[in-house]
Amino acid sequence: MSNATPPANQTAGQSASDITLSARNLTRSFGSRQVIHNVSLEIRRGEVLGLLGHNGAGKSTTLQMLTGCLLPDDAKNNDCSIEICGIDLLRHPAQAKAHIGYLPETPPLYRELSVNDYLIFAARLRGMKPAAVAEALDQTKQRCGLDTVGSKIIGTLSKGYQQRIGIAQAIIHRPALIVLDEPTIGLDPTQIREIRGLIRELGDSSSVILSTHLLGEVESVCDRVEIMQHGKLIYGDTSEHMQRHGSVSGFIISLRNPPPPCELGSIGGVTSVEQLSSTQFRVLHAPDNNPSGALLQLAAQHNWQLEQLTPLQATLEEVFVKITGDETASTEKAAAQHSGETA
Amino acid sequence: MIRLLAVRELRSLFAMPSTWFVLAALQFIFAWFFLELLQVFLDIQPQLAQLANAPGATATVATPLFNLAALLLMMLAPMFTMRLIAEERRNQTLALLLSAPLANRQIVLGKFFGLLIFLAILTAGVPLMLCTLALGTHLDFGLLLGNMLGLLLLTASYIAVGLYISALTAQPVIAAIGALAVLAGLWLADIAASAENSLLHHLSPLYHFRNFNSGLLDSADAAYFVLFTVMFLLLAMKRLQNNRRYG
């Protein structure tokens, strides 16, 4: 890595402002069970990274290590390091942590405090000057939609509000790196949309890492995605590329007056047609040759009475299978694929 | 930072109704005892007057009252220390402190001082009641101050034990029972040990408080309390560090 030996302060300063998080070779075991295997991550300012994986894949553990709640195994021997804005988290935890905002899986709320008191405490705890807190409080409450509940006791508020307070405490001190562990869990659809909008907005000024097991969440908010399985990062790319991996090229089509399936199969680009019911067909096609236009034209010509045409949405399962299957089949990957198919 | 954590601790305590209930009930018990002791003193005052070097009002009223406060604190302190870390762990709020730019030392000391201030407020009624005696008689302020200092040191040692045990578990109830068991165990070992110079006496905080209680300021007792408190606070810090290491 280029910033391992900075020749001058200038270089170090530049890389520090650009890369907000650089973690190398994180390993962690609980007892004799190793749950994280050599995970390395890097995030630039203004990037939203999605950490995608099943429950139990090691997402939360990784995030805990990135925020200093959990130490990686034997930092010295394994040549592992975590740098936040160029500051070594393991050697200078206090300085490095001032740049982090962290929302754990369960929002860390003192239920007996009022929202204002709690957020002021959170801001001061991260080393904000008392004079700056009032303004940050107003701004954060506005961003998270907490204007009306400032003086309410946290314990009396609904789960949706509590989750938003959790996000508010993570961003109130304007950290360079925001770590959100399943930020939209337990929220209703409107709230999820609001929170995703907020995360996108946060991604403009800071770096955001969020963990999720929802494929849609990654597609809608993340610039980049890292997929985690069994404690390893098995795939990392921009989320657009991943969508290409993820989307199965095909659609489900409903025709009220259907032709025989072989007629559908003869349209250019269609690779297979499967009849699901008397009116529904699953049509698969080559990824670079979408026949839906031709199909619609034919449907209009022959009066097939098109009712519905839905592109197939891949599940996380299918993405896993695809990604692990695309790579050369080592024994581990075969095992991963197997577990993906059976689940 | 330590002050910020201590203030947060106090804020949370005073936001709970049970705190106010305990505060009120304790003042009632202290006042009742105070009045009873005062009554006894007034009853035996004529006889005391005949003695050559008779104990004054401070010795007859203040000493047993402080002794009672010390015993009550032994049972009350675990009820408050149990929340300190065990509850943060159970409510998952510990992550907020662990991910904040704080040293373990600051977390432990913040909680320690927060509760020390609270328990000082809780027992402040005792010296205040005794001060009202100054209206009618001459008070031995030296004895009073010695007792207050002793009680403060004793409270600090109770909190340190409770804080450490609270750091060991995620269940506040277990933390309370554990701390109570340790404190009561030390106390019982002290009163049960028959040999005058038994080591068991010297292990017990209440044994060392007795000198303060009778107005004897021994630097060895003060040193005991300081060492006892510091040791358990260091253990609590160590435990928090292990929390990060072992999860």
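Scoring rules and cut-offs
- Every chain begins its residue count from 1, and numbering advances along the sequence as written.
- Naming scheme: in the order in which they are written, chains are lettered from A and ligands are numbered from 1.
- Given that this is a predicted model, residues contribute local features only at a pLDDT of at least 70 and side-chain atom pairs are listed and counted only at 80 or more, while totals for whole chains, interfaces and linings are drawn from all residues.
- By the criteria applied, helices consist of DSSP H or I runs no shorter than four residues and strands consist of E runs no shorter than two, each listed in order from the N terminus.
- Every C-beta atom is placed from the backbone, and the number of other C-beta atoms within 10 Å of a residue's own sets its class: buried at 20 or more, exposed at 12 or fewer, partly exposed in between.
- It is the C-beta atoms, placed from the backbone, that decide contacts: two residues are in contact if theirs lie within 7 Å.
- Simply put, an axis is a line fit to the C-alpha atoms, just over the touching stretch for a helix, and the angle between two N-to-C directions goes from 0 to 180 degrees.
- An angle below 35 degrees is read as roughly parallel, one above 145 as roughly antiparallel, one from 65 to 115 as roughly perpendicular, and any other as oblique.
- Helix crossings get a hand from a simple test, with the near helix turned counterclockwise from the far one by less than a right angle marking a left-handed crossing and a clockwise turn marking a right-handed one.
- Only Asp, Glu, Lys and Arg are considered charged, only Ala, Val, Leu, Ile, Met, Phe, Trp, Tyr, Cys and Pro nonpolar, and every remaining residue, Gly among them, polar.
- Boundaries between domains were set according to an automatic or database domain assignment.
- pLDDT measures the predictor's confidence residue by residue and takes values from 0 up to 100.
- Multiply 1.5 Å by the residue count of a helix minus one, and that product is the helix's expected span.
- Definition of nonpolar core: a set of buried Ala, Val, Leu, Ile, Met, Phe, Trp, Tyr and Cys residues joined via C-beta atoms within 7 Å.
- Strand pairing is assigned whenever DSSP detects at least two bridges linking the two strands.

Visitor: So what exactly am I meant to see when it comes to the overall build of chain A here?
Guide: For chain A, the helix and strand inventory stands at 13 helices and 14 strands. Counting the 343 residues in chain A, one finds 39% classified as buried. Of the contacts formed within chain A by residues at least 6 apart in sequence, a portion of 65% connects residues at least 24 apart.

Visitor: I keep staring at the environment of K152(A) and nothing clicks. Help me out?
Guide: Residue and element names in this part refer to chain A. Note that K152 resides in the loop between α5 (130–143) and α6 (159–171). In this structure, the C-alpha to C-alpha distance between K152 and E112, residues 40 residues apart in sequence, is 9.8 Å. Contact partners of K152, with chain neighbours within four places excluded, come to S114, V115 and L157.

Visitor: Looking at this structure, I do not really get the packing of helix α4 (residues 115–125) of chain A against α6(A). What am I missing?
Guide: A packed helix pair is summarised by two numbers, namely the angle formed by the two axes and the spacing between the axes. All names here are of chain A. Packing of α4 against α6 brings their axes to within 8 Å, and their N-to-C directions diverge by 30°. When the axis of α4 is compared with that of α6, the two are roughly parallel. In the packing of α4 onto α6, the handedness of the crossing is right-handed. In contact with V115, Y118, L119 and A122 of α4, α6 contributes I165, A168 and Q169.

Visitor: How should I be thinking about the environment of L143(B) in this particular structure?
Guide: All names here are of chain B. On the secondary structure map, L143 appears in helix α7 (residues 141–168). Using a count of 21 C-beta atoms within 10 Å as the deciding quantity, one classes L143 as buried. Sequence separation of L143 and W32 is 111 residues, and the distance between their C-alpha atoms is 22 Å. In this view, L143 contacts T58, A59, A62 and G215; residues no more than four positions away in its chain are not counted.

Visitor: Would you mind going over the interface of chain A and chain B with me for this structure?
Guide: If you look at the interface, chain A gives 26 residues, while chain B gives 19 residues. If you list the elements that add at least two residues to the side of chain A that touches chain B, you get α3 (93–97), β6 (100–103) and α4 of chain A. For the side of chain A that touches chain B, the leading source of residues is α4(A), giving five residues. Taken together, the residues of the side of chain A that touches chain B break down into 16 nonpolar, five polar and five charged.

Visitor: Is there a simple way to explain the domain arrangement of chain A in this structure?
Guide: The domain architecture assigned to chain A consists of domain 1 (14–245) and domain 2 (248–311). Computed over C-alpha atoms, the centres of domain 1 of chain A and domain 2 of chain A are 43 Å apart.

Visitor: Hey, could you run me through the environment of T169(B) in this one?
Guide: Residues and elements named next belong to chain B. Tracing the sequence through the fold places T169 in the loop between α7 and α8 (172–192). T169 gets classed as partly exposed once you count the C-beta atoms within 10 Å, which come to 18. Separated by 160 residues in sequence, T169 and E9 place their C-alpha atoms 19 Å apart. Each residue touching T169, except ones within four places of it in the same chain, is listed here: A86, I174 and A175.

Visitor: When you look at the confidence of the model for chain B in this model, what are you seeing that I'm missing?
Guide: Residue and element names in this part refer to chain B. When pLDDT is averaged along chain B, the result is 90, and 100% of the positions lie at 70 or above. When mean pLDDT is compared element by element in chain B, helix α5 (residues 104–123) scores highest at 94, while helix α9 (residues 199–203) scores lowest at 83. Of the two predicted TM-score estimates for the complex, the pTM is 0.83 and the ipTM is 0.87.

Visitor: Would you explain the packing of α4(A) against α5(A) in this entry?
Guide: Residue and element names in this part refer to chain A. Remark: α4 packs on α5, axes separated minimally by 10 Å, with the N-to-C direction vectors making an angle of 125°. One way to sum up the angle between α4 and α5 is to call them oblique. Crossing handedness for the pair α4 and α5: right-handed. For the pair formed by α4 and α5, the contact residues are N116, L119, I120, A123 and R124 on the first element and P130, V133, A136, L137 and T140 on the second. Looking at side-chain class alone, the contact of α4 with α5 contains seven nonpolar, two polar and one charged residues.

Visitor: Help me understand α6(A) in this model?
Guide: The α-helix advances 3.6 residues per turn, and as a result positions three or four apart in sequence lie on the same side. Residues and elements named next belong to chain A. For α6, built from 13 residues, the straight-helix expectation of 18 Å at 1.5 Å per residue is met to within 8% by its first-to-last C-alpha distance of 19 Å. Taking burial as the measure, the 13 residues of α6 include 10 buried ones, the bulk of the element. Taken together, the buried positions of α6 are occupied by Y161, Q163, R164, I165, G166, I167, A168, Q169, A170 and I171.

Visitor: Would you mind showing me how to read the nonpolar core here?
Guide: Soluble globular proteins: nonpolar side chains tend toward being buried together. Core analysis: the largest hydrophobic core is formed by 138 residues, its most contacted members being I159(B), A160(B) and L163(B). With residues near it in sequence (within four places) discarded, I159(B) still touches A77(B), T81(B), F112(B), L115(B), L116(B) and L119(B). By size, the runner-up hydrophobic cluster in this structure holds nine residues, among which are V273(A), V283(A), L295(A) and A299(A).

Visitor: Hey, could you run me through the confidence of the model for chain A in this one?
Guide: Reading predicted coordinates in detail is not appropriate for stretches of low pLDDT. Residues of chain A with pLDDT of at least 70 account for 85%, and the chain-wide mean is 81. This stretch, residues 1–16 of chain A, has a pLDDT under 50; its non-local contacts, to residues over four places away or in other chains, come to eight contacts.

Visitor: What is the right way to look at unusual backbone geometry in this model?
Guide: Backbone geometry follows two general trends: most residues other than glycine have a negative phi, and most peptide bonds adopt the trans configuration. Residue and element names in this part refer to chain A. For N25, which is not glycine, the phi dihedral falls at a positive 55°. Examined against the element boundaries, N25 turns out to sit in strand β1 (residues 19–30). For R174, which is not a glycine, the phi torsion comes out positive at approximately 50°. Looking at where R174 falls in the secondary structure, it is placed in the loop between α6 and β7 (177–181).

Visitor: What's the story with helix α11 (residues 219–246) of chain B in this structure? I'm lost.
Guide: Residues and elements named next belong to chain B. If you check α11, its first and last C-alpha atoms are 40 Å apart, about what 28 residues at 1.5 Å a residue would give, namely 40 Å. For α11, every residue scored as buried is listed here: D221, Y224, F225, F228, T229, F232, L233, A236, M237 and L240. Contacts made by the buried residues of α11 are with α5, α7 and α10 (205–213).

Visitor: Is there a simple way to explain the sheet that holds strand β14 (residues 306–311) of chain A in this structure?
Guide: Sheets are built from strands that pair by backbone hydrogen bonding, the pairs being arranged parallel or antiparallel. All names here are of chain A. Strand order in this open sheet of four strands is β12-β13-β11-β14, and the pairing throughout is antiparallel. Edge positions in the open sheet fall to β12 (270–275) and β14, since each of these has one partner strand only. Taken over all neighbouring pairs, the strand axes of this sheet differ in orientation by 20° on average, direction set aside. Bridging between strand β11 (residues 250–255) and β14 involves five bridges; their strand directions are antiparallel. From the neighbouring strand, L255 faces β14, where its bridge partner is L306.

Visitor: What should I look at first to understand the sheet that holds strand β5 (residues 87–88) of chain A in this one?
Guide: Residues and elements named next belong to chain A. Taken in spatial order, the four strands of this open sheet run β2-β1-β4-β5, and their pairing is antiparallel. Each end of this open sheet is capped by a strand with a single partner; those strands are β2 (33–44) and β5. In terms of strand pairing, β1 meets β2 through eight bridges, oriented antiparallel. Opposite I19, over in β2, you have R44 as the bridge partner.

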